[in-house]
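A closer look at the structure
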Amino acid sequence: MNDNTPRRVEHQQTDKGYVPVYTTGIVEQQWDNYTATEHSTWATLFKRQWELLQDRACPEFLEGVQTLGMTPDKIPRFADLNKQLRDATDWKLVAVEGLLPELVFFDHLAKRRFPVTWWIRRPDQLDYIAEPDLFHDLLGHVPLLMNPVFADYMQHYGLGGVKASGVGDQALIQLSRLYWYTVEFGLIRSKAGLRIYGSGILSSSGESIYSLDSAAPNRFGFDLERIMRTRYRIDTFQKSYFVIDSFEQLFESTVPDFRPIYAGIKDQPEFAAGEVLDSDNVIQRGSGEGWTTDGDF
Ligand code: PHE
Ligand code: CO
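Residues numbered from 1 in each chain as written. Chains lettered and ligands numbered in written order. Predicted model: local features only at pLDDT ≥ 70, side-chain atom pairs only at ≥ 80, totals over all residues. Heavy atoms only, no water.

**Comments concerning the overall build of the protein**
Filter applied, for reference: Secondary structure elements are defined from DSSP: runs of H or I of at least 4 residues count as helices, runs of E of at least 2 residues count as strands, and each element is numbered from the N terminus. Both definitions apply: the radius of gyration is a C-alpha atom measure, and the globule rule equals 2.2 Å times residues to the power 0.38. Only protein chains enter the accessibility calculation, which uses a 1.4 Å probe. A residue is then buried if its area is under 20% of the maximum for its type, exposed if over 50%, and partly exposed in between. Contacts: residue pairs with any heavy atoms within 4.5 Å of one another. Only the protein chains shown count as cover for residues, and the accessible areas themselves come from Shrake-Rupley with a 1.4 Å probe. We score Asp and Glu as negative and Lys and Arg as positive, and we do not count His or the chain ends. To locate a charge, take atom NZ for lysine, CZ for arginine, CG for aspartate or CD for glutamate.
When helices and strands are counted, the protein shows 12 helices and nine strands. Here the C-alpha atoms of the protein give a radius of gyration of 19 Å, agreeing with the 19 Å that 2.2 N^0.38 yields for 297 residues. Burial analysis of the protein (297 residues in total) assigns 52% to the buried set. Restricting to contacts in the protein with at least 6 residues of sequence separation, those with at least 24 account for 71%. If you sum the accessible surface of the protein, you get close to 13800 Å²; carbon and sulfur atoms cover 50% of it. A distance of 1 Å separates the average location of the 30 positive side-chain charges in the protein from that of its 42 negative side-chain charges.

If you want it as structure tokens, here you go:
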């Protein structure tokens with residue numbers, strides 16, 4: 001059999017625990033094959049987040065969703081979104097089957113292509129799924145690609161990834177923490193107060209509330225080196241969030257060559273996900289309520 005039906009590639013659960021599975025190719029979205037259940041999963045998730053995010057997401061995100069024309073009624077067609085993206089920032093979505101190896105991912109970003117998982121979670125996974133699916137990728141990541149400054153940041157991150165892989169494994173880990181604490185779990189100050197821009201928060205109803213309202217987590221001002229040395233949580237809400245003042249600040253502080261930074265922090269200690277340092281710009285010190293002590297990544 002050799003049709004080009006894309007596969008739904010998920011992690012494997014083994015006696016060694018969670019094992020991610022990677023694929024490399026680009027596939028077709030095959031929009032006509034989505035079932036009514038899949039469209040309705042999108043609708044349920046989209047409506048819930050759209051309502052929740054009105055006064056929680058940054059204005060750039062809300063504007064991006066609207067300009068892209070995302071609505072609850074149907075899973076968006078990547079080809080339609082691509083028209084808007086091309087006009088706004090010259091980014092392009094490509095459909096993939098699941099997680100990509102780091103270098104393949106960096107190469108896409110460096111060329112202003114954003115990989116989006118073609119399949120959506122099952123109805124029993126509405127509140128939590130261990131890996132990125134179409135809902136996380138589309139609602140979480142794509143609206144901000146309509147913002148010129150954030151769009152440039154994403155491309156430079158990809159270029160930085162290619163460079164970091166030439167430096168070594170430690171540099172790659174340090175760079176991936178930057179992605180985690182900004183692209184996935186970042187908060188931003190807006191005129192109206194603290195807002196969300198991280199995709200991992202934007203696509204999670206629980207964390208959309210927790211990240212802004214809970215007294216448990218730390219909230220620190222953005223600090224590049226500090227972030228690069230900070231471990232993170234992959235299976236629970238974050239213990240610490242980093243807050244940027246603007247996307248310009250984010251871009252300007254990350255555009256310099258990271259090689260001297262990697263060299264400078266090479267032998268420096270790392271920080272636990274929930275740790276607070278004397279040198280931190282503390283916006284809010286977390287109460288630590290409900291934290292588990294094991295399992296920083
Ligand atoms: N300036 C970074 C480097 O030299 C690249 C980068 C830019 C990384 C923007 C992240 C975001 O590696
Ligand atoms: Co993501």
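Resuming the write-up.
**Describing helix 7 (residues 169–184)**
Condition: By definition here, a helix of n residues has an expected span of 1.5 Å times n minus one.
With 16 residues, helix 7 extends 21 Å between its outermost C-alpha atoms, agreeing within 8% with the 22 Å of an ideal straight helix rising 1.5 Å per residue. In terms of residue burial, helix 7 counts as a mostly covered element, since 13 of its 16 residues are buried.

**Focus on the environment of Ala79**
By secondary structure assignment, the location of Ala79 is in helix 3 (residues 78–88). Between the C-alpha atoms of Ala79 and Gln29, which are 50 residues apart in sequence, the distance is 9.0 Å.

**Looking at the environment of Ala272**
Along the chain, the position of Ala272 falls in the loop between helix 12 (259–265) and strand 9 (282–284). In this structure Ala272 comes out as partly exposed when scored by relative accessible area, which is 24%. Setting aside residues up to four positions removed in sequence, Ala272 forms contacts with Thr230, Arg231 and Asp296.

**Structural notes on the side chain of Glu207**
Secondary-structure assignment places Glu207 in helix 9 (residues 205–213). Here Glu207 is in contact with Phe185, Ile201, Phe237, Gln238 and Tyr241, once residues within four sequence places are set aside.

**Concerning helix 2 (residues 59–68)**
To be explicit about the condition: Think of it as the arc spanned by the lines of direction from the helix axis to the C-beta atoms.
All of the buried residues along helix 2 are Phe61, Leu62, Gly64, Val65 and Leu68. The buried residues of helix 2 all sit within an arc of 160° when viewed along its axis, so they share a single face. Facing away from the buried side of helix 2, by more than 90 degrees, are the exposed residues Glu63 and Gln66. Considering only its buried residues, helix 2 is in contact with helix 1 (36–53), helix 3, helix 5 (134–141) and helix 8 (199–202). Just downstream of helix 2, Gly69 is the residue with a positive phi angle, here 75°.

**What to know about the packing of aromatic side chains**
In this description, an aromatic ring pair is defined by two values, namely the gap between the centres and the angle between the planes. We count it as follows: Here a pair means two rings of Phe, Tyr or Trp (six-membered ring of Trp) with centres within 6.5 Å. Their orientation is stacked below 30 degrees between planes, edge-to-face above 60, and tilted elsewhere.
Taken as a whole and judged by the stated rule, the model has 19 aromatic pairs. For the pair Phe105 and Phe106, a centre-to-centre distance of 6.5 Å together with 45° between the ring planes defines the contact as tilted. Residue Phe106 is classed as buried on the basis of its relative accessible area of 3%. Taking the centre distance of 4.9 Å and the plane angle of 45° together, the rings of Tyr157 and Tyr179 count as tilted. With Tyr157 in helix 6 (residues 148–167) and Tyr179 in helix 7, this pair connects stretches of sequence that are 22 residues apart.

**Focus on the coordination of the cobalt ion (ligand 2)**
Any two of four tetrahedral donors ideally make an angle of 109.5 degrees at the metal, while pairs among six octahedral donors ideally make 90 or 180 degrees. Inclusion rule: Because no water is among the atoms considered, metal sites can look incomplete, with donors defined as N, O and S atoms within 2.8 Å of the metal, or 3.2 Å for Na, K and Ca.
Those donors, His136 (NE2), His141 (NE2) and Glu184 (OE), are the protein atoms that reach the cobalt ion (ligand 2), and they lie 1.9 to 2.1 Å from it. His136 gets classed as buried once you look at its relative accessible area, which sits at 10%.

**Let's talk about the environment of Leu68**
Here Leu68 is to be found in helix 2. Looking at Leu68, the relative accessible area reads 7%, which means it is buried. When the C-alpha positions of Leu68 and Lys83 are compared, they lie 8.8 Å apart, and in sequence the two are 15 residues distant. When near neighbours in sequence (up to four residues on either side) are disregarded, Leu68 contacts Leu81, Gln84, Leu85, Val142, Pro143 and Met146.

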